[in-house]
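# Tertiary structure, described
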Amino acid sequence: MTNDTTCEGIPGVFMMNLTLTSCSETQLTCFDGTCVDLSGRCDQKADCADFSDEFECTLIQKDDKRYKKDYAPPPIGNEDKAEVMIDIAIHNFIEISEVKSAIRIQFDMGLTWRDARLQFQDLKAEEEQNVLTDKEKHDIWIPTIVFLNTNRKDVSVLDDKATVSIIRKSVAHKSGQISLREVAVYDGDENFLHYTRSYDTTFQCQFDLQFYPFDEQDCSMRLVIPPSNLPFIRLSNKSVRYR
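This report concerns the structure included in the present document. (Residues numbered from 1 in each chain as written. Predicted model: local features only at pLDDT ≥ 70, side-chain atom pairs only at ≥ 80, totals over all residues. Heavy atoms only, no water.)

### So, the pairing of strand β4 (residues 82-97)
Put simply, the rule reads: By definition, two strands form a pair when at least two bridges between them are found by DSSP. Each helix corresponds to a stretch of at least 4 residues labelled H or I by DSSP, and each strand to a stretch of at least 2 residues labelled E; elements are numbered beginning at the N terminus.
The pairing of β4 with strand β13 (residues 233-242) spans nine bridges and is parallel. Following the sheet pairing, I90 is matched in β13 by Y242. Sheet analysis places β4 next to strand β5 (residues 102-113), joined by eleven bridges and oriented antiparallel. For N92, the partnering residue across the bridge sits in β5 and is Q106.

### Describing the packing of aromatic side chains
Note the following rule: Stacked, edge-to-face and tilted are the three classes for Phe, Tyr and Trp ring pairs, Trp counted by its six-membered ring, which pair at centre distances within 6.5 Å; planes under 30 degrees apart are stacked, over 60 edge-to-face, the rest tilted. Throughout this description, buried means an accessible area under 20% of the type-specific maximum (1.4 Å probe, protein chains only), exposed means over 50%, and partly exposed covers the range between.
One pass over the full model with this rule turns up eight aromatic pairs. A centroid spacing of 5.7 Å and a plane angle of 20° characterise the contact between F107 and Y199, whose relative ring orientation is stacked. Of this pair, F107 sits in strand β5 while Y199 sits in strand β11 (residues 192-204), placing them 92 residues apart in sequence. Comparing F107 with Y199 shows no difference in burial state: the two are buried.

### Quick notes on the nonpolar core
For soluble globular proteins, the rule of thumb is that nonpolar side chains tend to be buried together. Under the convention used in this document: The set of buried Ala, Val, Leu, Ile, Met, Phe, Trp, Tyr and Cys residues whose side-chain atoms join them within 4.5 Å is what this entry labels a nonpolar core. The contact criterion used throughout is that any non-hydrogen atoms of two residues lie within 4.5 Å.
Counting 42 residues, the largest nonpolar core has F107, M109 and Y195 as its most contacted members. Of all elements in the fold, only β4, β5, β8 (163-167), β10 (184-187) and β11 reach the threshold of two or more residues within this core. If you tally residues by element for this core, the top one is β5, at six residues. In contact with Y195, not counting residues within four places along its chain, are M109, G110, L111, W113, I142, S156, V157, L158, A162, T163 and V164.

### Here we look at the environment of W141
Mapped onto the elements of the fold, W141 is located in the loop between α1 (134-138) and β7 (146-147). When its relative accessible area of 5% is taken as the criterion, W141 is described as buried. A sequence separation of 72 residues divides W141 from K69, and the C-alpha atoms of the two residues are 4.4 Å apart.

In structure tokens, the structure reads:
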């Protein structure tokens with residue numbers, strides 16, 4: 001292949017598969033050549049007769065050579081740090097121990113952030129349809145939160161009980177010429193990643209029992225980012241609610 005500016009700078013001899021299509025910009029080319037609506041790609045319903053609209057369904061695009069999942073995302077726009085928004089939904093106060101000066105709480109924790117190093121593809125309007133696979137969620141940077149006033153300074157975990165999804169906020173643009181498959185692409189600086197997980201955690205308090213039992217006590221859930229992330233991440237409170 002010569003005189004193709006798209007391939008300029010790629011050394012040596014190589015092979016490239018091409019998709020020749022008469023489909024419009026808003027359509028997907030099935031493997032049999034027919035055209036279907038691009039928004040139906042990877043929606044768990046076959047629109048192509050050969051099911052090819054449900055092949056190669058991944059949500060994350062990234063440059064594996066440059067992306068470092070141990071590095072926090074860069075700031076976006078005029079921000080000096082990447083923002084991580086935290087929301088807490090308290091389900092139940094399991095135990096309040098005056099003797100141990102502790103309170104055990106069942107709660108859901110949500111974390112929301114953007115990562116401009118990523119692109120997403122074929123996002124749906126409903127967040128529940130944009131859930132990352134186990135491999136995908138372990139291949140990207142996920143915020144870590146320290147439960148500061150616990151006995152062992154517990155931290156948030158990324159296990160099979162944790163869900164990471166994508167909240168679609170922008171309009172898609174179609175994949176470029178070098179992509180074999182037509183996909184709807186969404187930029188990481190305009191759409192949000194969302195981590196959620198349930199926790200059952202005991203927090204340590206400082207109770208003043210001088211006037212017990214005719215007293216009122218305060219006990220906090222102290223949730224912070226690790227010291228190593230302080231230069232790069234700003235944690236902001238999105239909401240705290242009791243269900």
